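A closer look at the structure
The primary structure of each chain is shown beneath.
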Amino acid sequence: MVIAFLSLFASLQIQAQNIDKSDQEPGIGGSAINIAVSRYDLAEGTNYFEDAEGLEKKGDFNEALTLFGKAAFEFNAVKNFGLYCQALIKMSNMHYQLGRFTDAEQILLNVVLKNYSKMGSRVGQMNTYNILGKVYLADNKYTQSMWFYTQQGILAKQLRSSNAYIESVLGLAQVKIRKKDFTLAIKDLNQAELLAKSLKSNQYKTQIKESRELIANKVSPKK
């Protein structure tokens, strides 16, 4: 027992000396430890994110939400705000899939947009406006949905992003269809189609076709 006590006392003394040294020499060792911890947290976050995506594909949105939340925590801890916002957007999408539109909206408005603003990422803001447009549309909040799709379109023009602008126009068309403003919706669809043709893109062909069919069915419902 005495030998064990002496060994413990000696180890404590060594630890105390190491602490004193670290206090006297903050630049030695500390930064290496911080880098190691940062890399560990980043790897942890990435693992959580990848596992969450697997659950998302299986339709297990509640479990995916939990893991996306853990990923967001790790990314925020290492101040990787790009990945942090990606994880938050995924969290909002899980709420969206579960029909919790207010929760999805709050994450996007109060956290994602604010972080993209701090980062100076106008592309991030533009894409978030598009997602908010979809969330508000699903929640039958047409005025808010149109506002965010319009904001996306404004930024898309400023950033010269033709695809994002087409998406904003198509988003506005969806809102107008829901509001039964079919004439205005058709104008938006025509505009989106012309823009897509000018880009020689077939990316939106199916979406435009389905929207037109939806309008046709609503105007002249099948008996």
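Quick caveat, the model's predicted, so the values are computed rather than measured. (Residues numbered from 1 in each chain as written. Predicted model: local features only at pLDDT ≥ 70, side-chain atom pairs only at ≥ 80, totals over all residues. Heavy atoms only, no water.)

What about helix H4 (residues 81-97)?
Residue pairs spaced three or four apart in an α-helix point in one direction, given the helix's 3.6 residues per turn. We apply this condition: Going along the chain from the N terminus, every DSSP run of H or I of four or more residues is numbered as a helix, and every run of E of two or more is numbered as a strand. Multiplying 1.5 Å by the residue count of a helix minus one yields the expected span of that helix. We call a residue buried when its accessible area falls under 20% of the maximum for its residue type, exposed when it is over 50%, and partly exposed in between, using a 1.4 Å probe and counting protein chains only.
With 17 residues, H4 should reach 24 Å at 1.5 Å per residue; the first-to-last C-alpha distance of 24 Å fits that figure. Those residues of H4 not exposed but buried are Tyr-84, Cys-85, Ala-87, Leu-88, Met-91, Ser-92, Met-94 and His-95. Of the residues trailing H4, Gly-99 is marked for its positive phi of about 80 degrees.

Some details on unusual backbone geometry
Backbone geometry at Lys-180 places phi at a positive 65 degrees, although glycine is not the residue there. Locating Lys-180 in the fold gives a position in the loop between helix H8 (162-178) and helix H9 (182-198). By relative accessible area, Lys-180 is classed as exposed at 62%.

Some remarks on the pattern of salt bridges
Note the threshold: One speaks of a salt bridge when a side-chain nitrogen belonging to Lys or Arg is within 4 Å of a carboxyl oxygen belonging to Asp or Glu.
In the structure shown here, the tally under the stated rule is seven salt bridges. A salt bridge links Asp-103 to Arg-100, with the shortest nitrogen-to-oxygen separation between them at 3.8 Å. A relative accessible area of 36% means that Asp-103 is categorised as partly exposed. Taking the relative accessible area as the measure of exposure, Arg-100 reaches 31% and is therefore partly exposed. Linking Lys-141 and Glu-105 is a salt bridge whose minimum nitrogen-to-oxygen distance equals 3.8 Å. Placement of the pair is Lys-141 in the loop between helix H6 (122-138) and helix H7 (142-158) and Glu-105 in helix H5 (residues 101-119), with a sequence separation of 36 residues.

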